[in-house]
Amino acid sequence: MTTTETSLDTVFAQLAGATEDYVGAILELTDREKTFLRVTADVCQGTLGLPFTAHVRTGLAAGVSTADVRELLRFVSYDCGYHAAAAGLERLADVEAELGIARPDAEPLDPELLTPGPSPLPDAVRARLDELDAHFTGFFDLQSRMRAGHGPGTLSERERGLVSLSVDVHYQTLADTFRTHVGRALRGGASPEDVRAALRFNAQFGVTRAWHAWEALNPMLADS
């Protein structure tokens, strides 16, 4: 429960505090992953005021730097949209200024990665995209090239999967993309229980969204 929440509404602060205590006790996720999931929810839902600031501050207290959050926002722009991620970066810069944190520099990407070409996009995903539109496949290839582990400060495969499936929860895109992102998390070393933990954690950002996500996830993990 923060002082700001209490000043806004005492009972709301109690509700939010009890909720955060309950989901914050989930053991399968690291503090870094919890910070990433919080900030992802903020960007997807456009909550870039008090919640975003509180989540960045909580991350800092747990050892997650603003450079780490910048890495997340660069990555998540693929799924949430560049306009939404840009708004998140703008707000992050404000928070850095407020806290006296120097904006971290990043080494630019190799120009070769910024042009169309082969990518690590899985064959099954490429085939599905080709059924939709070849230009759209090319867009996915470009995004994958830019985020293929060649660039500065990349997230782990597990982190990418947990973040990406969370974007699906917020936007309720719970079919092919959700299945693909759950698979990414599993390939990155997350267990089925870790994936379930991410969904449990996301319930605080909208219980009805989480409900529908459980209806999609449980059949996917039925044999796990």
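In what follows, the structure referred to is the one given above.
Reading guide: rules and limits
Every chain is numbered independently, its residues counted from 1 as its sequence is written. In keeping with the predicted nature of the model, local features appear solely for residues at pLDDT of at least 70, side-chain atom pairs appear and are counted solely at 80 or more, and the whole-chain, interface and lining totals rest on all residues. In computing side-chain values, all of the structure's heavy atoms are included and hydrogens and water are not. Axis definition: a line fitted to C-alpha atoms, over the contacting stretch in the case of helices. Angles run 0 to 180 degrees between N-to-C directions. Numbering goes from the N terminus for both helices and strands, where a helix is a DSSP run of H or I of at least four residues and a strand is a run of E of at least two. What sets the label is the angle itself: under 35 degrees gives roughly parallel, over 145 gives roughly antiparallel, 65 to 115 gives roughly perpendicular, and the rest give oblique. Left-handed describes a crossing whose near helix is turned anticlockwise from the far helix through less than a right angle; right-handed describes the clockwise counterpart. In this analysis, two residues are considered to be in contact whenever any of their non-hydrogen atoms come within 4.5 Å of each other. Buried residues are those whose accessible area, probed at 1.4 Å on protein chains only, stays under 20% of the maximum for their type, while exposed residues exceed 50% and partly exposed ones sit between those limits. Any residue with relative accessible area above 30% and no salt bridge may belong to a patch, with like charges joined within 9 Å and the nonpolar Val, Leu, Ile, Met, Phe, Trp and Tyr side chains within 5 Å. For every accessible area listed, the method is Shrake-Rupley and the probe measures 1.4 Å; residues are considered covered only by the protein chains on display. Take a side-chain nitrogen of Lys or Arg and a carboxyl oxygen of Asp or Glu: if they are within 4 Å of each other, that pair is a salt bridge. In this scheme Phe, Tyr and Trp rings, the latter by its six-membered ring, pair at centre separations within 6.5 Å, and the angle between planes marks the pair as stacked below 30 degrees, edge-to-face above 60, and tilted otherwise. Among the buried residues, those of types Ala, Val, Leu, Ile, Met, Phe, Trp, Tyr and Cys that are joined through side-chain atoms within 4.5 Å form a nonpolar core.

Draft legend 1. The arrangement of the packing of helix α9 (residues 157–171) against helix α10 (residues 176–187) in detail. Closest axis-to-axis distance for the α9/α10 pair is 7 Å, and the angle between their directions is 160 degrees. Classified by the angle their axes make, α9 and α10 are roughly antiparallel. For the element pair α9 and α10, the recorded crossing hand is left-handed. Between α9 and α10, the residues in contact are Glu-157, Arg-158, Arg-160, Gly-161, Leu-162, Ser-164, Leu-165, Asp-168 and Val-169 and Thr-177, Phe-178, His-181, Val-182, Arg-184, Ala-185 and Arg-187, respectively.

Draft legend 2. Spotlight on the environment of Glu-112. Along the polypeptide, Glu-112 turns up in the loop between α6 (82–99) and α7 (123–132). Relative accessible area serves as the criterion here: at 54%, Glu-112 is assigned to the exposed category. A sequence separation of 32 residues divides Glu-112 from Ser-144, and the C-alpha atoms of the two residues are 13 Å apart.

Draft legend 3. Representation of a nonpolar patch on the surface within the structure. A contiguous nonpolar surface patch, about 300 Å² in accessible area, is contributed by Val-11, Phe-12 and Leu-15. Positionally, Phe-12 belongs in helix α2 (residues 10–24).

Draft legend 4. How the structure looks around the packing of aromatic side chains. With the rule as written, the count across this model stands at 4 aromatic pairs. Centroid distance Tyr-78 to Phe-140: 5.7 Å. Interplanar angle 65 degrees. Geometry classified as edge-to-face. Here Tyr-78, found in helix α5 (residues 66–80), pairs with Phe-140, found in helix α8 (residues 134–146); they are 62 residues apart in sequence, far enough to count as distant. Neither residue differs from the other here; Tyr-78 and Phe-140 are each classed as buried. Ring geometry for Phe-136 versus Phe-139: centroids 6.5 Å apart, planes at 5 degrees, classification stacked. Of the two residues, Phe-136 and Phe-139 both sit in helix α8, 3 residues apart, roughly one turn of that helix.

Draft legend 5. Here's a closer look at the environment of Arg-38. Checked against the element boundaries, Arg-38 lands in helix α3 (residues 31–45). By relative accessible area, Arg-38 is classed as buried at 7%. When residues no more than four places from it in sequence are discounted, the contact partners of Arg-38 are Glu-20, His-55, Thr-58, Phe-201 and Phe-205.

Draft legend 6. Highlighting the nonpolar core. Counting residues in each nonpolar core, the largest one holds 45 residues, and the members touching the most others are Leu-165, Phe-178 and Val-195. Among the secondary structure elements, those contributing two or more residues to this core are α3, α4 (50–61), α5, α6, α9, α10, α11 (192–202) and α12 (207–220). Apart from residues no more than four positions distant in its own chain, Leu-165 is found in contact with Phe-178, His-181, Val-182, Ala-185, Val-195 and Ala-198. Counting 5 residues, the second-largest nonpolar core is a separate cluster that includes Leu-121, Val-125, Leu-129 and Phe-140.

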